[in-house]
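What follows is the residue order along each chain.
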Amino acid sequence: MTDPAVDAAQPPTGSAPRGLDLDRLGAYLAAHRPELATAPLSARLIAGGKSNLTYLLRAGDREVVLRRPPLGHVLATAHDMAREHRVISALAPTDVPVPAALLLCADPDVIGAPFYLMEKVDGEVYRRRAQTDPLTAGQRRELAMAMMDTLAALHMVDPAEVGLADFGHPEGYLARQVRRWAGQLDRSRSRPLPGIDELRDALGGSVPEGANAGRIVHGDYRLDNLLAVVDPVAVRAVLDWEMATLGDPLADLGLLLTYWSVLGDSDLAEGNPVADGIGPRAGFPSGAELIDRYAGRSDVDVGPLHWHVALGCFKLAVICEGIHYRHTLGQTLGGGFDRIGDMVAPLVEHGLHAVREK
């Protein structure tokens, strides 16, 4: 996994970054995957992810990637390593590009939390204008369309055919999403948040029928959760599956448009750690073009998409508030967290507008 946004404040050679006990990890690997413990371990935190922590782990000449939950304030079920490991294992033989899963450790005593290992995939995580500005207009368009083709491919996978028939409960998925994120909000609330309760109630009172239910949902699909290359343009891997389940695929599309059009086409995009290098302001196609591409490559009915954009705004507002809360407690690693809390109010405003659309 190649990401130019690696935390510059790495520990001295031979020491471990926060959240990773290399001695205990090395002993565990020696017992369970000895081929990954043939040399002293070293690791560095890969910056960019604002939730689960990702480390590049080196043993001699071999590099793999380790994922673990964030430090400190962790919401129940929100950082499930077993779910990530299971879904990328299941999707390995499909057209959806994922890293190969190498090992799952559910024992929190090894490094202080459950974790899993996956292969290192070459590619770039595009998230900043400094990365996307050098791309040609054609490359930006092809990259956006490859992103949509990959999302459509995911939603066309039959869960039963890849062993994921019991991966979630699609009946009532959308109503549960509203309740779940409302509960997450209550557990992360640390300051007044005008309008967010109104948005929650509006969503809960207008849940669509969910005719598309039963597909595999990524839960946080966006450009900077992909590893991609541009010569030629291709998506090499979809990352960050912590919120994956079975549900309504429009939840993925609505959240993607929240990043792309709500954040990426507004003043919030400039310098923002999750929206700086995406969307029309960064020279990419419009949200309407993304919808057309997706609709042309899947059988999903995009009719009730406005509700899902409102849900995306609510979900992202809650996630940002949770990250803001952890940041105020000093429980985040890397940079870019100081502005996350500023995104909540505009997201709520856009969500209220979207949920009222007909």
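Here the structure is a predicted model, which means the values were calculated and not measured.

## Section: the overall build of the protein
In terms of helices and strands, the protein carries ten helices and nine strands. Expressed as a percentage of its 358 residues, the buried residues of the protein come to 57%. A separation threshold of at least 6 residues defines the contact pool for the protein, and within that pool the share at least 24 residues apart is 73%. Total accessible area computed for the protein in this model is approximately 14,300 Å², and 50% of it derives from carbon and sulfur atoms.

## A word on the nonpolar core
Counting residues in each nonpolar core, the largest one holds 90 residues, and the members touching the most others are L91, M147, L203, L223, W241, F314 and L347. The element best represented in this core is helix α9 (residues 305-328), accounting for 13 residues. Discounting residues that sit within four places of it in the chain, L223 has contacts with Y126, L143, M147, W260, I278 and F284. Listed in part, the 23 residues of the second largest apolar core include A43, Y55, L103 and V110.

## Regarding helix α2 (residues 81-91)
All of the buried residues along α2 are M81, E84, H85, V87, I88, A90 and L91. Buried residues belonging to α2 abut β3 (62-68), β4 (101-105), β5 (115-119), α4 (137-155) and β6 (215-217).

## So, the side chain of R140
Mapped onto the elements of the fold, R140 is located in helix α4. Look at R140: it is buried, it has no salt bridge, and the nearest opposite charge is D133 at 4.5 Å. A polar contact of 3.1 Å, which involves the side chain of R140, links it to the backbone oxygen of L135. Excluding residues that lie within four positions of it along the chain, R140 makes contacts with T132, D133, L135, A282, G283, F284 and P285.

## Observations regarding the packing of helix α7 (residues 250-263) against helix α8 (residues 287-297)
It is at 10 Å that the axes of α7 and α8 come closest, and there the two elements cross at 155 degrees. Judged on the interaxial angle alone, α8 and α7 are roughly antiparallel. Judged by the twist between their axes, the crossing of α7 over α8 is right-handed. Residues L253, L257, W260 and S261 of α7 pack against G287, L290, I291 and Y294 of α8. Of the residues in the contact of α7 with α8, the class split is six nonpolar, two polar and no charged.

## Examining the pattern of salt bridges
Applying the stated criterion to the full structure yields 22 salt bridges. With a shortest N-O distance of 3.1 Å, D197 and R200 are connected by a salt bridge. Note that D197 and R200 are positioned in helix α6 (residues 196-204) at a spacing of three residues, about one turn of the helix. By relative accessible area, which is 30% here, D197 ends up partly exposed.

## Some points on the environment of P285
With respect to the helices and strands, P285 occurs in the loop between α7 and α8. When its relative accessible area of 6% is taken as the criterion, P285 is described as buried. Separated by 25 residues in the primary sequence, P285 and W260 have C-alpha atoms spaced 9.6 Å apart.

## Brief notes about α7
An ideal rise of 1.5 Å per residue puts 20 Å on 14 residues; α7 measures up with 18 Å between its terminal C-alpha atoms. If you look at α7, its biggest bend is around 30 degrees, right at L257.

## So, the layout of surface pockets
Estimates place the volume of the largest pocket at around 360 Å³. Every residue lining the largest pocket is counted, 18 residues in all, and those nearest its centre are R83, Q177, R180, A244 and T245. Residues belonging to the lining of the largest pocket are distributed by class as follows: six nonpolar, six polar and six charged.

## Quick notes on the side chain of R68
Considering the arrangement of structural elements, one finds R68 in strand β3. In this structure the side chain of R68 is engaged in a polar contact, spanning 2.9 Å, whose partner is the backbone oxygen of G19. Setting aside its immediate chain neighbours within four residues, R68 contacts G19, N52, L53, Y55, M81, I111, A113, P114 and F115.

## Some remarks on the sheet that holds strand β1 (residues 41-45)
Judged by pairing direction, the sheet is antiparallel, and its five strands sit side by side in the order β1-β2-β3-β5-β4 without closing on themselves. The sheet is open, and its two borders are formed by β1 and β4, each paired with just one other strand. Here the strands of the sheet are splayed against their neighbours by 25 degrees on average, with no regard to which way each runs. With four bridges joining them, β4 and β5 adopt antiparallel strand pairing. Looking at β5, one finds that L103 is bridged to L117. Strand contacts of helix α1 (residues 22-32): β1, β2 (53-59), β3, β4 and β5, with the helix running at about 120 degrees to β1, the strand carrying the most contacts. Contacts between α2 and the sheet are confined to β3, β4 and β5, with β4 contributing the most and set at about 155 degrees to the helix.

Reading guide: rules and limits
Residues numbered from 1 in each chain as written. Predicted model: local features only at pLDDT ≥ 70, side-chain atom pairs only at ≥ 80, totals over all residues. Heavy atoms only, no water. Helix = DSSP H or I, 4+ residues; strand = E, 2+ residues; numbered from the N terminus. Buried < 20%, exposed > 50% of the residue type's maximum accessible area, 1.4 Å probe, protein only. Contact = heavy atoms within 4.5 Å. Areas by Shrake-Rupley, 256 points an atom, 1.4 Å probe, with all protein chains shown as cover. Core = buried A, V, L, I, M, F, W, Y, C linked by side-chain atoms within 4.5 Å. Lys, Arg positive; Asp, Glu negative; His and termini not counted. Salt bridge = Lys/Arg side-chain N within 4 Å of Asp/Glu carboxyl O. Polar contact = N/O pair within 3.5 Å; in protein donor to acceptor, adjacent residues only side chain to side chain. Axes fitted to C-alpha atoms, helices over the stretch in contact; angles between N-to-C directions. Parallel < 35°, antiparallel > 145°, perpendicular 65-115°, else oblique. Left-handed = near helix turned anticlockwise from the far one by under 90°. Nonpolar A, V, L, I, M, F, W, Y, C, P; charged D, E, K, R; others polar. Expected span 1.5 Å × (residues − 1). Bend = angle between axes of the 7 residues up to and from the residue. 1 Å grid on protein atoms, 1.4 Å probe; cavity = no way out; pocket = protein on both sides within 12 Å on 5 of 7 lines; lining within 4 Å. Points joined across faces, edges and corners; volume = space filled by probe spheres on them. Pairing = 2+ DSSP bridges.

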